[in-house]
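# An overview of the molecular structure
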Number of protein chains: 2
Amino acid sequence: MRVLAFLDDTAGTLRDPDEPHIRVEDLGLMRGDGIFETVLVADGEARELRPHLDRLARSASMLELPEPDDEAWQRVTRTVIDNWTGGEFALKLVHTRGTDPDGEPTAFALGIEIDPKVFAARRDGVAVVTLDRGIDPGLAERAPWLLLGAKSLSYAVNMAAGREAARRGAADVIFTATDGSVLEGPTSNVIIARDRTLYTPPPAIGILPGTTQAAVFRGAERAGWSTKIEPVRAADLASADGVFLSSSVRKLTRVHTLDGETLPDSSAIHAELAAAYESVYA
Amino acid sequence: MRVLAFLDDTAGTLRDPDEPHIRVEDLGLMRGDGIFETVLVADGEARELRPHLDRLARSASMLELPEPDDEAWQRVTRTVIDNWTGGEFALKLVHTRGTDPDGEPTAFALGIEIDPKVFAARRDGVAVVTLDRGIDPGLAERAPWLLLGAKSLSYAVNMAAGREAARRGAADVIFTATDGSVLEGPTSNVIIARDRTLYTPPPAIGILPGTTQAAVFRGAERAGWSTKIEPVRAADLASADGVFLSSSVRKLTRVHTLDGETLPDSSAIHAELAAAYESVYA
């Protein structure tokens, strides 16, 4: 099933997702000129909605889009949840520049089913390849016009990286910088575990601040782990106690194979961290 | 006015551009996952249509999209032209992955009026700033998943660069590579003139092969100019006899100011090259 609601001054306007609602001139379509968030809804609750809406506002600011109407997004999120009749689902929040740069944004929330592959990945982990992203970690601060770290609709490269992974027999990607730093996945953050400390790279190097990564860190801290936000070297991945991808819908996904090499078994650490993450919502 | 026609097995289906025709799940919208071309239609003729369709096919291949139906694009182009009642116009050809990665692409042609600012830029030239694109010239060949040189719908960065230019009091941008090479504009190619030779950087460094740049080179060669496709250094721009941006709708646009510095007057060279370009269609 799918549930679609457009933002308005009330609870949102429900629309049939099988019908067309977008004009061809929408700059979200013509230029990938818009932003989005993907939120996990479980047990009727939009997980990390506050950080997701904060990140939506951050992306809007980076793209110089009108500030998202926070209360309207909260209302429309509730409307989609109230009209969803199945279990856990993925909620997309989409905000484009609309058809006229000086006019009204296009804004809607779309609830969609979770792909069965996601449940398999949560359970079994994934094979990942590292791919060169061709940028240095200082670029984001030096060249804000490159929108590094904004969650824009211009995701064609992220999709192409996924196809390159498939060609190499893997399910996902870890992007690396020209200096050998770990950046992020095309739709995830990278977390490594070493000696009961979790590490993830800092957003300042041009990556998205992770909503799920932050939730995992909160849960892990409660469970006695230390956490550090600091640069991670690609060369250090293979020797970590565990390498994970975090994303809203896939939650914490274990990387079992990196660039074709089997990593040390991190199933036990994964089970512990996955439980710590879930404890945040208990 | 605007004329919109969707691709089909016949001459194309005319649609009202003020109505919505795109579903929210179209991957062109959700992921900027599609490609486009912008063609100048003048005197009822779609200029450089063959190179534009070749480049559309090249972009499709880079994004692993289904090969565009060349004859259908030619028919739908004709239909838009036949239904256009004004003068010169811009024709957008848009091809997205559609709503289902394994399903039918979304494909349409949209004729739109040319912005009055374009006519002013053709006549008066523009102020341009150089902006760091953060990549090295070898990256495109090394990392094809970055889609450098594909004309994808993921153009949010190109739009952001335009806003940065405006902040700096300029109308357009020349992107530079980390080694100081000239790349391209966000929606144009860069051509410089020196001693009656035209230079433009090679597509292999990760830029679009220019349809208008090629037409200018053909016209200039007929008029006795030499042409060279070879790397151009940003440091050499200021000392050239002329710096130009080429794009379908803006044709050959003279750069009169670079990073706030007035360039040597290239009006006479511009007039000569603009005439050489027009002679291609005489």
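Here goes a summary of the coordinates provided.

Definitions and cut-offs
Residues numbered from 1 in each chain as written. Chains lettered and ligands numbered in written order. Predicted model: local features only at pLDDT ≥ 70, side-chain atom pairs only at ≥ 80, totals over all residues. Heavy atoms only, no water. Contact = heavy atoms within 4.5 Å. Buried area = accessible area lost by both parts, 1.4 Å probe. Salt bridge = Lys/Arg side-chain N within 4 Å of Asp/Glu carboxyl O. Polar contact = N/O pair within 3.5 Å; in protein donor to acceptor, adjacent residues only side chain to side chain. Helix = DSSP H or I, 4+ residues; strand = E, 2+ residues; numbered from the N terminus. Pairing = 2+ DSSP bridges. Core = buried A, V, L, I, M, F, W, Y, C linked by side-chain atoms within 4.5 Å. Buried < 20%, exposed > 50% of the residue type's maximum accessible area, 1.4 Å probe, protein only. Patch = residues over 30% accessible without salt bridge, like charges linked within 9 Å, V, L, I, M, F, W, Y side chains within 5 Å. Areas by Shrake-Rupley, 256 points an atom, 1.4 Å probe, with all protein chains shown as cover. Lys, Arg positive; Asp, Glu negative; His and termini not counted. Charge placed at Lys NZ, Arg CZ, Asp CG, Glu CD. Axes fitted to C-alpha atoms, helices over the stretch in contact; angles between N-to-C directions. Parallel < 35°, antiparallel > 145°, perpendicular 65-115°, else oblique. Left-handed = near helix turned anticlockwise from the far one by under 90°. Nonpolar A, V, L, I, M, F, W, Y, C, P; charged D, E, K, R; others polar.

Contacts between the two partners involve 54 residues from chain A and, on the opposite side, 55 residues from chain B. For the pair chain A and chain B, the summed buried area comes to about 4,500 Å², and 61% of that belongs to carbon and sulfur atoms. Looking at the side of chain A facing chain B, the largest losses of area belong to Leu29, Arg31 and Trp145 of chain A, adding up to 19% of the total buried there. Inspection of the chain A/chain B interface yields 10 salt bridges. Between Arg163 of chain B and Glu64 of chain A there is a salt bridge whose closest N-O contact spans 3.7 Å. Our count for the contact surface shared by chain A and chain B stands at 23 residue pairs in polar contact (both at pLDDT 80 or more). Those elements that place two or more of their residues in the side of chain A that touches chain B are strand S1 (2–6), helix H1 (27–30), strand S5 (89–96), strand S6 (106–112), strand S7 (126–132), helix H5 (139–142) and helix H6 (156–167) of chain A.

Picture the strands of a sheet paired through backbone hydrogen bonds; they go either parallel or antiparallel. All names here are of chain B. Here six strands make up an open sheet; going across it, the order is S2-S1-S6-S5-S3-S4 and the pairing antiparallel. At either margin of the open sheet sits one strand with a lone partner, and together these are strand S2 (13–15) and strand S4 (45–46). Inspection of the sheet shows strand S5 (residues 89–96) paired to strand S6 (residues 106–112) by seven bridges, in the antiparallel sense. Its bridge partner being in S6, Lys92 is matched across the sheet by Leu110.

What follows concerns the nonpolar core. With 92 residues, the main nonpolar core has Trp73 and Leu91 of chain A together with Trp73 and Leu91 of chain B as its most contacted residues. If we skip the residues at most four places from it in the chain, Trp73 of chain A touches Leu7, Leu53, Leu56, Pro68, Leu93, Val94, His95, Ala107, Phe108 and Ala109 of chain A. The next biggest cluster of nonpolar side chains, apart from the first, holds 44 residues, and it includes Val94 of chain A together with Leu29, Phe108 and Phe244 of chain B.

Turning our eyes to something else, we now look at the sheet that holds strand S2 (residues 13–15) of chain A. Residues and elements named next belong to chain A. If you walk across this open sheet you meet the six strands as S2-S1-S6-S5-S3-S4, and the pairing is antiparallel. In the strand order of this sheet, the two ends are held by S2 and strand S4 (45–46), each with one partner. With three bridges connecting them, S1 and S2 associate as antiparallel partners. The residue of S2 that forms the bridge with Phe6 is Thr13.

What follows concerns a negative patch on the surface. A contiguous patch of negative charge on the surface is contributed by Asp9, Glu67, Asp69 and Glu71 of chain A. Topologically, Glu71 of chain A is positioned in helix H3 (residues 70–83).

Residue and element names in this part refer to chain B. Where helix H7 (residues 211–222) contacts helix H8 (residues 267–279), the two axes come as close as 7 Å, and the packing angle between them is 100°. By the angle between their directions, the pair H7 and H8 is classed as roughly perpendicular. Within the contact between the two elements, H7 uses Thr212, Ala215, Val216, Gly219, Ala220 and Arg222 and H8 uses Leu273, Ala276, Tyr277 and Ser279.

All chains considered together, the criterion is met by 48 salt bridges over all chains. A salt bridge links Asp132 of chain B to Arg142 of chain A; its shortest N-O distance comes to 3.1 Å. Highlighted residues: Asp132 of chain B in strand S7 (residues 126–132) and Arg142 of chain A in helix H5, drawn from two different chains. For Arg142 of chain A, a relative accessible area of 40% translates into the label partly exposed. Arg2 of chain B serves as the salt-bridge partner of Asp18 of chain B, at 2.8 Å between the closest nitrogen and oxygen. Of this pair, Asp18 of chain B sits in the loop between S2 and helix H1 (27–30) while Arg2 of chain B sits in strand S1 (residues 2–6), and the two are 16 residues apart along the sequence. On the basis of relative accessible area, Arg2 of chain B is assigned to the partly exposed category, the value being 27%.

Now for the packing of helix H2 (residues 49–62) of chain A against H3 of chain A. Residues and elements named next belong to chain A. For the pair H2 and H3, interaxial distance at closest approach is 11 Å and the crossing angle is 135°. Classified by the angle between their axes, H2 and H3 sit oblique to one another. Considering how the two elements wind past one another, H2 and H3 form a crossing that is right-handed. On H3, the residues touching Leu49, Arg50, Leu53 and Leu56 of H2 are Asp70, Trp73, Gln74 and Thr77. Here the residues of the contact of H2 with H3 sort into four nonpolar, two polar and two charged.

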